[in-house]
Amino acid sequence: MDRYVLLVGLSGLLFSVGLLGIVIRRNLLVVMMCLEIMLNAVVLSFVTFASQNQNVSGAAMSFFIYVAASCEIALAMAIVVLLVKRRGSLDLSVHQVLKG
Amino acid sequence: MIEILIGFFGVLAVLCAVLVLVLRQPMRSSLALVGLMINLAAIYACLGAHVVAVFQVLIYVGAVMVFMVYTIMLLDERDKSYQQPFSKLLIPGLVAAALCTAALGCLVAGMETTTARAIDAGLFGFNRFSKVFMQNYWFHFELATVLLLVGILAAWTALKEARDEQG
Amino acid sequence: MNQLTLIPVLPFIGFLINGLLGARLPKQLVALVACGLPAVSFLLSFNLFQGLASEGGSLDVVLFSWAALDNLKLDVALSFDQLSAVMCLVVTGVGTLIHIYSVGYMAEDKSFVRFFAYLNLFLFFMLLLVLGKNLLVLFAGWEGVGLASYLLIGFWFEDAEKTAAGIKAFVVNRIGDTAFLLAAFLLVYCCGTLDFQEINTSFSAGGLSPTMTNAIALLLLLGACGKSAQLPLHVWLPDAMAGPTPVSALIHAATMVTAGVYLLSRLSGVFLQAPEIMTVVAWGGAITALVGASMGLVQSNLKKVLAYSTMSQIGYMFMACGLGAFNVAMFHLTTHAFFKACLFLGAGSVIHALHGEEDMRKMGALAKKIPLTFITFMLASLALCGIPPFAGFFSKDEILWSAWSGIGGSPVLWAVATLTAGLTAFYMFRAIFMTFFGADNVPERLRKGIHEAPPTMAVILVVLALASVVAGFIGLPGLWRDWLGVSAPFYDFLVPVLGHGGGADHHMELILMLVSVTIAFTGVAMAWLLYLRCPEMPLRVRMKATAAYRLINDGYYFDAFYTKVVRCADWVSEKILARHVETTIDTLTTNLPADLAQRASKLFTRLQSGNVSAYVFYVFAGLALFLWWGVIHV
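This section reports on the structure supplied with the text. The shown structure was predicted, so the numbers you read here are calculated from the model rather than taken from an experiment.

**Points about the overall build of chain A**
Right, on to step 1. Of regular secondary structure, chain A possesses three helices and zero strands.
Right, on to step 2. The linear arrangement of helices and strands in chain A, starting from the amino end, is α-α-α.
Right, on to step 3. Looking at chain A residue by residue over its 100 residues, the buried ones come to 66%.
Right, on to step 4. Accessible area for chain A stands at about 3300 Å²; split by element, carbon and sulfur atoms hold 68% of it.

**A closer look at helix H3 (residues 56–87) of chain A**
Right, on to step 1. The first and last C-alpha atoms of H3 of chain A sit 46 Å apart over 32 residues, in line with the 46 Å expected at 1.5 Å per residue.
Right, on to step 2. Gly88 of chain A sits one or two residues past H3 of chain A and shows a positive phi near 85°.

**Digging into the interface of chain A and chain B**
One widely used convention gives an interface's size as the accessible area the parts lose upon coming together.
Right, on to step 1. Counting residues at the interface gives 68 residues for chain A and 81 residues for chain B.
Right, on to step 2. Of the roughly 6700 Å² buried where chain A meets chain B, counting both sides, 76% is carbon and sulfur surface.
Right, on to step 3. Seen at the junction of chain A and chain B, the total is one salt bridge.
Right, on to step 4. Note that Arg3 of chain A and Glu3 of chain B form a salt bridge whose closest N and O atoms lie 3.4 Å from each other.
Right, on to step 5. Our enumeration of links across chain A and chain B arrives at eleven residue pairs in polar contact (both at pLDDT 80 or more).
Right, on to step 6. If you list the elements that add at least two residues to the side of chain A that touches chain B, you get helix H1 (3–24), helix H2 (28–53) and H3 of chain A.
Right, on to step 7. For the side of chain A that touches chain B, the element with the most residues is H3 of chain A, which contributes 24 residues.

**Let's talk about the pairing of strand E1 (residues 59–68) of chain C**
Consecutive side chains along a regular strand alternate between the two faces of the sheet.
All names here are of chain C.
Right, on to step 1. Summarising the sheet, E1 and strand E2 (residues 73–80) pair through eight bridges and their orientation is antiparallel. Counted as the bridge partner of Val61 is Leu78 from E2.
Right, on to step 2. Following E1, the chain reverses through four residues before pairing antiparallel with E2.

**Here we look at the interface of chain A and chain C**
Right, on to step 1. Contacts between chain A and chain C engage ten residues on the former and twelve residues on the latter.
Right, on to step 2. With both chains or domains summed, chain A and chain C bury close to 930 Å², and 73% of this area falls on carbon and sulfur atoms.
Right, on to step 3. Inspection of the region where chain A meets chain C yields zero salt bridges.
Right, on to step 4. At the surface where chain A touches chain C, the tally comes to one residue pair in polar contact (both at pLDDT 80 or more).
Right, on to step 5. Class assignment of the residues belonging to the side of chain A that touches chain C gives a composition of seven nonpolar, three polar and no charged.

**So, the environment of Tyr66 of chain A**
Right, on to step 1. Mapped onto the elements, Tyr66 of chain A comes out in helix H3.
Right, on to step 2. Along the sequence, Tyr66 of chain A and Val43 of chain A sit 23 residues apart, while their C-alpha atoms lie 8.7 Å from each other.
Right, on to step 3. Leave out the neighbours within four places in its chain, and Tyr66 of chain A touches Val43 of chain A together with Tyr44, Val52, Phe55, Gln56, Ile59 and Tyr60 of chain B.

**Here we look at the packing of helix H4 (residues 112–131) of chain C against helix H10 (residues 245–254) of chain C**
A pair of packed helices is captured by two measures, namely the crossing angle of their axes and the spacing between those axes.
Residues and elements named next belong to chain C.
Right, on to step 1. Interaxial distance between H4 and H10 falls to 12 Å at its minimum, and their mutual angle equals 5°. Here H10 runs roughly parallel to H4, going by the angle between their axes. Facing Phe115, Leu119 and Phe122 of H4, the residues of H10 in contact are Pro246, Val247, Leu250 and Ile251.

**A word on a nonpolar patch on the surface**
Right, on to step 1. Together, Leu98 of chain A together with Leu603, Phe604, Leu607, Tyr615 and Tyr618 of chain C give the surface a local cluster of nonpolar side chains, amounting to about 630 Å² of exposed area.
Right, on to step 2. Elements that contribute at least two residues to the nonpolar patch include exactly helix H26 (558–605) and helix H27 (612–633) of chain C.
Right, on to step 3. Within the secondary structure, Phe604 of chain C sits in helix H26.
Right, on to step 4. A relative accessible area of 58% places Phe604 of chain C in the exposed class.

**Notes on unusual backbone geometry**
Right, on to step 1. At the junction of Leu231 of chain C and Pro232 of chain C, the peptide bond is cis and its omega measures out at -10° in the coordinates.
Right, on to step 2. Mapped onto the elements, Pro232 of chain C comes out in the loop between helix H8 (210–228) and helix H9 (236–239).
Right, on to step 3. The backbone of Gln54 of chain A shows a phi angle near 50°, a positive value even though the residue is not glycine.
Right, on to step 4. Within the element layout of this structure, Gln54 of chain A appears in the loop between H2 and H3.
Right, on to step 5. Judged by its relative accessible area of 29%, Gln54 of chain A is partly exposed.
Right, on to step 6. Unlike most non-glycine residues, Tyr557 of chain C shows phi in positive territory, near 60°.

**Considering H2 of chain A**
Right, on to step 1. Helix length check: H2 of chain A, at 26 residues, gives a terminal C-alpha distance of 39 Å against a target of 38 Å (1.5 Å per residue), a fit within 8%.
Right, on to step 2. Directly beyond the C-terminal end of H2 of chain A, a positive phi value near 50° is found at Gln54 of chain A.

**Some thoughts on the pattern of salt bridges**
All names here are of chain C.
Right, on to step 1. This structure, assessed with the given rule, holds 15 salt bridges over all chains.
Right, on to step 2. We note a salt bridge from Lys133 to Asp195, for which the minimum N-O separation is 3.0 Å. Highlighted residues: Lys133 in the loop between H4 and helix H5 (135–153) and Asp195 in the loop between helix H6 (160–191) and helix H7 (196–204), separated in sequence by 62 residues.
Right, on to step 3. The class of Lys133 is buried, set by a relative accessible area of 17%.
Right, on to step 4. Its salt-bridge partner being Asp595, residue Arg599 comes within 3.2 Å of it at the nearest N-O pair. Taken together, the residues Arg599 and Asp595, both in helix H26 and four residues apart, mark about one turn of the helix.
Right, on to step 5. Taken together, the salt bridges that share partners define one network made up of Glu143, Arg174 and Asp177.

**With respect to the environment of Leu302 of chain C**
Residue and element names in this part refer to chain C.
Right, on to step 1. If you trace the backbone, Leu302 turns up in helix H14 (residues 302–322).
Right, on to step 2. Here Leu302 falls in the buried class, since its relative accessible area comes to 1%.
Right, on to step 3. With residues up to four places along the chain from it excluded, the contact list for Leu302 reads Ala347, Glu358, Met360, Met363, Phe377, Ala431 and Thr435.

Thresholds applied
Residues numbered from 1 in each chain as written. Chains lettered and ligands numbered in written order. Predicted model: local features only at pLDDT ≥ 70, side-chain atom pairs only at ≥ 80, totals over all residues. Heavy atoms only, no water. Helix = DSSP H or I, 4+ residues; strand = E, 2+ residues; numbered from the N terminus. Buried < 20%, exposed > 50% of the residue type's maximum accessible area, 1.4 Å probe, protein only. Areas by Shrake-Rupley, 256 points an atom, 1.4 Å probe, with all protein chains shown as cover. Expected span 1.5 Å × (residues − 1). Contact = heavy atoms within 4.5 Å. Buried area = accessible area lost by both parts, 1.4 Å probe. Salt bridge = Lys/Arg side-chain N within 4 Å of Asp/Glu carboxyl O. Polar contact = N/O pair within 3.5 Å; in protein donor to acceptor, adjacent residues only side chain to side chain. Pairing = 2+ DSSP bridges. Nonpolar A, V, L, I, M, F, W, Y, C, P; charged D, E, K, R; others polar. Axes fitted to C-alpha atoms, helices over the stretch in contact; angles between N-to-C directions. Parallel < 35°, antiparallel > 145°, perpendicular 65-115°, else oblique. Patch = residues over 30% accessible without salt bridge, like charges linked within 9 Å, V, L, I, M, F, W, Y side chains within 5 Å.

These figures come from the coordinates and say nothing about function on their own.
Next up, the structure:
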């Protein structure tokens with residue numbers, strides 16, 4: 001098995017695990033963390049392909065993903081704090097207002 | 001040799017990811033996440049992408065995860081999500097995940113394999129990487145700083161609104 | 001806007017002006033507009049008539065195309081041919097005279113303006129009816145005159161009885177209209193057109209199945225019966241006397257009720273191809289004439305006598321149509337318009353003098369007090385009874401001759417018609433003797449106020465009486481034509497449209513003429529006998545023939561029968577349709593689908609739960625399926 005194929009498979013697996021986490025966890029912060037897992041999986045695939053093809057653009061892209069991730073975490077945490085202040089709990093079901 | 005290392009760190013990464021899902025307290029989940037990230041950094045290093053490995057540890061673990069740990073510490077309330085960590089969609093979610101993984105596995109298995117070549121750290125060394133990066137992606141770099149500025153402003157505005165609303 | 005279009009449009013403009021602005025205009029202006037515009041229409045019709053008489057070609061104007069389908073083209077078009085010319089002149093001429101009369105008659109009414117607006121509206125629709133080039137325009141006018149009739153019958157709408165009379169007229173008319181519409185549908189189906197000329201030519205070319213021709217002719221007859229108050233749809237005409245007298249004169253004597261005769265003459269091509277229906281028309285007309293005359297015998301309301309008389313005379317016209325003598329029917333229509341309008345307006349003058357009293361038993365010995373009214377009334381009655389040389393004599397005589405000798409005519413038919421003529425003379429002179437002669441039964445309080453009609457009304461009475469006297473001479477029967485060596489301008493004028501009249505057996509004609517004159521005089525004499533000589537005789541006759549009297553007095557139980565029918569329909573509608581049919585249909589078509597939609601939507605609302613994890617799960621599941629599809633196909 002080629003190492004690159006393995007790494008691409010690993011990236012896919014990590015992505016699925018992250019997505020699964022968002023579906024099954026009830027704590028808001030853990031959901032944010034699963035989001036981070038997904039981002040990491042994407043970076044992994046970028047780096048794998050960059051390494052495979054000896055192409056710099058993959059690594060450059062991963063740099064920009066890190067920039068985006070930091071930005072996102074700053075805003076996300078601000079919003080999480082506000083949400084918790086408004087609703088009083090980290091549980092996702094508390095934030096559900098529709099009755100459907 | 002490299003394959004063994006990569007395989008070892010990959011297994012650890014998967015383990016850490018599963019731990020993130022399974023652990024009850026968010027603090028422990030965040031530690032598992034840190035573990036995942038460090039394992040991934042190791043993988044990058046094995047591949048010869050030293051720049052990316054360093055970025056991973058510095059930016060992701062050093063900034064992002066620290067911020068997340070701060071927030072967890074700030075909002076650590078023992079509410080209902082501690083007793084029941086999993087939502088109602090546990091089973092359907094697992095089924096979907098299994099399907100998804102199986103599909104990805106089939107797709108990946110159909111990828112072509114290239115001949116393994118020796119790891120050449122040259123291209124992804126700091127020296128060469130910076131030169132190439134700044135030559136080709138300088139404009140994107142500047143745009144990224146603008147993005148960061150906007151992000152800071154947004155976060156500050158959101159909190160300011162909240163404070164105005166309260167008081 | 002050429003002359004032909006102006007003829008109906010001018011009264012319509014009068015309606016708009018009086019209807020919209022009339023309340024703010026002075027009365028004289030309202031009257032001027034209302035009478036002046038129809039007068040101008042009359043002048044225009046006369047102008048066009050002269051052009052037609054000298055040159056002979058009919059005038060057509062297409063206003064606009066109403067519908068242009070693949071196989072049917074419907075235009076709003078007017079046509080002025082000889083038949084329309086006659087009708088147009090009668091309608092605008094008599095109409096204008098009655099408008100002028102109404103100025104005096106309705107002078108003290110509080111809804112003066114509304115009356116003239118409605119009268120002008122009626123004229124507009126009637127002119128549309130007679131000028132229409134195809135059944136579409138005719139039907140628009142047909143419906144419109146029905147509307148105007150309803151509005152005018154129920155003019156004093158605060159009285160519930162009068163409104164009921166208006167509604168009755170409208171509803172019975174509607175029944176006729178349904179038959180008319182069915183006939184129109186069948187005509188479109190068979191001939192693919194509603195244009196009169198095309199229909200007549202395609203029917204005379206033959207080729208249509210007899211059943212279809214008979215069906216169309218029968219339906220048209222029913223429609224005409226509804227509008228012209230013939231059996232069995234005659235029940236509305238006596239009640240229609242609830243309207244003001246000028247309305248009765250204009251609509252229910254001279255013009256609207258003759259629309260049925262016009263329809264039959266217009267579509268003569270259809271009827272000539274359906275001989276069985278022609279027989280029905282002829283016999284129906286004769287029986288209506290007899291029934292109407294018999295009912296006129298027992299009426300005590302002056303206007304109702306005249307109403308039954310109208311029904312009877314139109315029965316004569318229908319009979320003439322049924323015998324193929326359409327031109328004779330038109331001639332009788334014209335003379336009838338003159339003398340019947342004169343009679344109604346004279347009755348109006350009497351009622352006006354007695355401040356609203358219509359019951360003949362409360363009148364009497366008025367001849368010396370209102371001489372002008374009496375003289376005009378007498379002249380018009382003589383014309384109606386068919387006394388020579390007044391107008392009615394020539395036209396009625398020609399009809400009687402057609403009854404004996406025309407297509408489908410027989411001595412029996414002639415006998416019925418002549419008997420009716422006798423009855424006509426009897427009841428008309430009964431009315432005259434009860435109103436103008438005999439004992440003075442006028443109530444005390446009304447005796448002082450008896451005055452002759454004001455000039456506006458009196459002049460019109462004189463004009464119409466003169467017309468009743470001399471109008472006959474333009475349509476002399478064949479016998480007289482040959483004796484005197486003159487032609488009959490009226491019949492000659494109508495030849496291009498209605499063809500030539502029947503043959504001449506002058507010997508027979510002379511005998512029949514003498515017989516009918518004798519019978520008319522006999523009727524007069526009997527009336528004199530029973531009402532002036534021996535006033536107690538009518539009561540004794542009634543005692544002896546109670547059953548017959550009751551039959552006639554109750555209108556041959558037509559009204560009772562119709563009431564029963566309506567009650568039955570009402571019962572069905574309430575007990576069966578409303579309770580069962582409607583609820584079932586409601587459940588099936590409305591409630592069930594709504595229920596279904598509601599349940600389905602409740603199912604779908606579960607998709608939008610507000611639960612973020614669920615939404616992400618949907619994405620996840622979709623992604624999995626997507627990937628599997630990729631796996632399978634790659």
